[in-house]
Amino acid sequence: MPLCSACRKDFSPPPNGAVPYRCPHCQSTVLGPYCDLEWIGGGGMGDVYRARDTQMGNRTVAIKIPLTEVNPRRARQRFEREIAASALLEHENAVRAYQRGQEAGRPYLVMEFVSGRKLSDLVREQHPLTAPRVGRLLLGVARALQHAERHGLVKRDVKPGTVILAEADETPKVLDYGLALILGFDDEVTRSGSQMGTPTYMAPEQQRDPHSVTVAADVYTLGFTAFFCLTGRAPFQAAATRDLYRLQAEAERPRQDPGIDLRTSLEGAVQASSGAIELQPGSVAGAEVLGDAQEGPPLRGLLDRRVEVAHRPLQPPSRVDRVHHPRHAAPCGQEQDSPREQREG
C-alpha cells in the first residue's frame, strides 16, 4: 500500500495501476518519495513532471515516466538507454540525472529541474535571434556534445526542441538522450530498422544507418539548429519524409529568406562565441564550433573530419516513429484517457 510522501498517510492505489498516484487525503500527486507532481511536458518517450523531493530537503526535481502502453519492450529499451546515457554525463550544459526508481512496475528517472523554456519556443517567439546570441547559445550546446563524445555518446537527436534555456541567464542545457548511441551498449532498437531521430533534423548518414553514426551527425544537425535560430525555420521543408530526404540529398544549399544574409549572421555568431559556426560549401549543412582557447575547442576531434555530405540518393526509412500525447495523473480509481497521437515537429 503506497505511503503519501506529502502527508505520510497510507492509501489504496488505483485499480488500473496508473502512476503517479493522487493521494485521497491531501490531494497531492505522489510517486515514491516525491510529491506535488505537476505535469510540465512530454515527448516520444514519456511524460515529465516537476516534483518535490522530500528526502533531499524538498528540492525541486524533474521526473520522467516512460509511456509503455503501445510497445512496452521498445519503450523500456529506449528508457534504459536514456538512463545509461544520462548517468555518464556531468556537465553544466547537460541536464543531470539524479537517480532511477520504480513504482508499481513502472520505471522512472529523476533529473535536474531547469526552470526555463526550450530553444524552439524562444525562436518561435523572437525570431530571428541575433547572431551574437545564437553564438553564445550554440557554443554551450557544442560543449555538451563534446562532453558526450568523450564519454562514448552520440546524441542522434540534436534539435531546438532538445535544448532548454535556463530562465536566469539563458544557459543552454541539452536534454533527452533516449535515442543516444552509446559505446558498448546493446543498441537493439536501432538494429530493428525503425527511424531514429527527427527527420527534419537528421544527417543523411543517420537516415541510412543510425547504428554506425559518429559525432559528425550531431554536428551536422547543430548546423541545422543554427539555421533555425537565425531564420525561424528548418533548412529544408517538405510534406512527405521521402521528399524531405531527397531535398537534403540533392540541394546544394538551403534556401535563404530574403533580407537575411546567413553567412554574415554566422560570422557574427563566430565573434560572439570566440569560435566559428558556418555552413560548409558543397554540403547540405555542416557546423564547426570552436570554443575558448583556454579550455580547448568543443568537438576538437571533429575538426579533422569536417561534415561533408555526398550528394547521392538516399533510401528513406521504413517508417517514421509516432509520438504520443502525454497523460495527466488521474485520481485513485479513475481511468485515464488513452494517449492521442501526434507528429513531432
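Our subject is the structure listed above.
Keep in mind the model is a prediction, meaning the values are calculated, not measured.

## Considering the packing of aromatic side chains
Each pair of aromatic rings is reported with the distance of its centres and the angle of its planes.
Then step 1. Taken as a whole and judged by the stated rule, the model has five aromatic pairs.
Then step 2. With centroids separated by 6.2 Å and ring planes inclined at 90°, the aromatic side chains of Y34 and Y108 adopt a geometry described as edge-to-face. Highlighted residues: Y34 in strand β3 (residues 34-42) and Y108 in strand β7 (residues 106-112), separated in sequence by 74 residues. Each member of the pair, Y34 as well as Y108, carries the same accessibility label: buried.
Then step 3. Their ring planes at 70° and their centres at 6.4 Å tell us that Y201 and F224 sit as a pair that is edge-to-face.

## Some thoughts on the packing of helix α3 (residues 131-150) against helix α6 (residues 215-231)
Then step 1. Between α3 and α6, the least distance of the axes is 11 Å, while the angle of their chain directions is 165°. By the angle class used here, α3 and α6 are roughly antiparallel. The interaxial crossing formed by α3 with α6 has right-handed handedness. Only V215, D218, L222, T225, A226, C229 and L230 of α6 make contact with α3, whose side of the interface consists of A131, V134, L138, V141, A142, L145 and E149.
Then step 2. In terms of residue class, the contact of α3 with α6 is built from 11 nonpolar, one polar and two charged.

## A few points about the sheet that holds β3
Then step 1. The sheet built from five strands is open, its strands ordered β3-β4-β5-β7-β6 with antiparallel pairing. Lying at the two open borders of the sheet, with one neighbouring strand each, are β3 and β6 (97-103). Across the sheet, the mean angle separating the axes of adjacent strands is 30° when strand polarity is ignored.
Then step 2. Of the strand pairs in this sheet, strand β5 (residues 59-66) and β7 are connected by four bridges, and their pairing is antiparallel. The residue bridging V61 from the neighbouring strand is E112, located in β7.
Then step 3. Contacts from helix α1 (residues 72-88) reach β5, β6 and β7, with the element oriented near 30° to β7.

Here is what the cut-offs are and how they apply
Residues numbered from 1 in each chain as written. Predicted model: local features only at pLDDT ≥ 70, side-chain atom pairs only at ≥ 80, totals over all residues. Heavy atoms only, no water. Phe/Tyr/Trp six-rings, centres within 6.5 Å; stacked < 30°, edge-to-face > 60°. Helix = DSSP H or I, 4+ residues; strand = E, 2+ residues; numbered from the N terminus. Buried < 20%, exposed > 50% of the residue type's maximum accessible area, 1.4 Å probe, protein only. Axes fitted to C-alpha atoms, helices over the stretch in contact; angles between N-to-C directions. Parallel < 35°, antiparallel > 145°, perpendicular 65-115°, else oblique. Left-handed = near helix turned anticlockwise from the far one by under 90°. Contact = heavy atoms within 4.5 Å. Nonpolar A, V, L, I, M, F, W, Y, C, P; charged D, E, K, R; others polar. Pairing = 2+ DSSP bridges.

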